Amino acid sequence: MSARRHSRLPIAPWLAALMLVLGCDATGTAPPEPVPEEPSTQALNAHVLSRIGYGPDAWSRARIDEIGARAYVEEQLAPDRIADPLVDAMRASRPALEMGFHGLVEAFPLGSGTEAEPLRDLIEMRLLRSIHGRRQLEQVLVDFWFDHFNVYALDGIAIHAVIPFERDAIRPHVLGRFEDMLHAIARSPASSIAAVLNTRSRRRASARAGAPPASCSRFSRSACSVPVIRGRARMR
């Protein structure tokens, strides 16, 4: 074989252009894939704050910069250990938020003109927790599950059931077992009230349509999957 055949032949212009489009070099091999860069600490911190909360504020920025993203997430998973003086002070100034269902019914009776005051307190506290609260992950989960198991607060006496529903049935269980949350919801006054109101509404609608009413309301559909057997609720 002649030396001429061992020498590299010139690449045709059309072939060189095709290799350029395909990302190949003169030998016909593609360049290695670029290794993705690790996000900067500031970019990672900003991503964490936007994903597990309602966005960064002065306290959360300083806190995550101090202890790092991983430790910040672990801290958010234990909200009872996070001091939140502003939220605690605002909550203490609204005693209705600590009252039970029967206490709210007696203190703010329907038709008195004051029955909506506790609901306004609850709305203000939820906004305060979302904007200024330090237990951001807890509040995000409370809002999610409160919206999922929603109670129409303006439907008569249900206005007095919303506060204990959020405080006792939802908030304590958002970072715990879902089964425990379902049990608490099934035992809450809000569940009973919503079931009665929805059943009445369904019966009226069914009577107009000439069909039998549904056996379980939309609100209590999940609670209906937790039957009571021998005095204790269990999952199906």
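Residues numbered from 1 in each chain as written. Predicted model: local features only at pLDDT ≥ 70, side-chain atom pairs only at ≥ 80, totals over all residues. Heavy atoms only, no water.

S.K.: Mind showing me how you'd approach the overall build of the chain here?
M.R.: From N to C terminus, the chain includes 12 helices and 2 strands. Counting every position in the chain, which comprises 236 residues, the buried fraction comes to 31%. The contacts of the chain with a sequence gap of at least 6 include a subset with a gap of at least 24, amounting to 58%. Accessible surface computed for the chain: about 15,300 Å², of which carbon and sulfur atoms make up 58%. (Helix = DSSP H or I, 4+ residues; strand = E, 2+ residues; numbered from the N terminus. Buried < 20%, exposed > 50% of the residue type's maximum accessible area, 1.4 Å probe, protein only. Contact = heavy atoms within 4.5 Å. Areas by Shrake-Rupley, 256 points an atom, 1.4 Å probe, with all protein chains shown as cover.)

S.K.: Just checking my understanding: could you explain the confidence of the model for the chain for this structure?
M.R.: Caution is warranted with low-pLDDT regions, since their predicted coordinates should not be read in detail. On average, residues of the chain score 80 in pLDDT, and 66% of them reach the 70 mark or higher. Confidence drops under a pLDDT of 50 for residues 214–218, and excluding neighbours within four residues, the segment shows 10 contacts in the predicted structure. Taken as a whole, residues 220–236 scores under 50 in pLDDT and shows 30 contacts with residues more than four places along the chain or in a different chain. (pLDDT = per-residue confidence, 0-100.)

S.K.: Sorry if this is basic, but what is going on with the packing of helix 6 (residues 85–92) against helix 8 (residues 117–132) here?
M.R.: Two packed helices can be described by the angle between their axes and the distance between those axes. For the pair helix 6 and helix 8, the least separation of the axes is 10 Å and the interaxial angle reads 170°. As summarised for this structure, helix 6 and helix 8 are arranged roughly antiparallel, according to the angle between their axes. In contact with Leu86, Val87, Met90 and Arg91 of helix 6, helix 8 contributes Met125, Leu128, Arg129 and His132. Tallied by class, the residues present in the contact of helix 6 with helix 8 amount to 5 nonpolar, 1 polar and 2 charged. (Axes fitted to C-alpha atoms, helices over the stretch in contact; angles between N-to-C directions. Parallel < 35°, antiparallel > 145°, perpendicular 65-115°, else oblique. Nonpolar A, V, L, I, M, F, W, Y, C, P; charged D, E, K, R; others polar.)

S.K.: Mind showing me how you'd approach the packing of aromatic side chains here?
M.R.: The description of two aromatic rings rests on the distance between their centres and on the angle between their planes. The final tally for this structure, using the stated rule, is 5 aromatic pairs. Taking 5.3 Å as the distance between ring centres and 35° as the angle between the ring planes, the aromatic pair formed by tryptophan 145 and phenylalanine 178 counts as tilted. Separated by 33 residues along the polypeptide, tryptophan 145 in helix 9 (residues 136–148) and phenylalanine 178 in helix 11 (residues 178–187) bring together distant segments of the chain. On the basis of relative accessibility, which here comes to 37%, the residue phenylalanine 178 falls in the partly exposed class. Taken together, a centroid distance of 5.8 Å and an interplanar angle of 50° make the contact between phenylalanine 146 and phenylalanine 165 tilted. (Phe/Tyr/Trp six-rings, centres within 6.5 Å; stacked < 30°, edge-to-face > 60°.)

S.K.: Just to check I follow, could you spell out the nonpolar core for this structure?
M.R.: Proteins that are soluble and globular tend to have nonpolar side chains buried together. Counting residues in hydrophobic clusters, the biggest one holds 31 residues, and the most contacted among them are Phe149, Val162, Phe165, Ile170, Met181 and Ile185. If you list the elements that add at least two residues to this core, you get helix 7 (101–107), helix 8, helix 9, helix 10 (162–170), helix 11 and helix 12 (189–209). With 5 residues, helix 10 is the largest single contributor of residues to this core. One finds Val48, Leu49, Ile52 and Tyr72 within the second-largest nonpolar core, a separate group that totals 7 residues. (Core = buried A, V, L, I, M, F, W, Y, C linked by side-chain atoms within 4.5 Å.)

S.K.: Sorry, what's going on with the pattern of salt bridges here?
M.R.: A side chain with one charge can pair with a side chain of the opposite charge if their charged atoms come near. Scanning the model with the defined rule gives 11 salt bridges in all. Between aspartate 143 and arginine 126 there is a salt bridge, with the nearest N and O atoms lying 2.7 Å from each other. Taken together, the positions of aspartate 143 in helix 9 and arginine 126 in helix 8 put the pair 17 residues apart, joining distant regions of the chain. On the basis of relative accessible area, aspartate 143 is assigned to the buried category, the value being 13%. Put simply, Arg63, Glu66 and Glu75 are held in one network by salt bridges that share partners. (Salt bridge = Lys/Arg side-chain N within 4 Å of Asp/Glu carboxyl O.)

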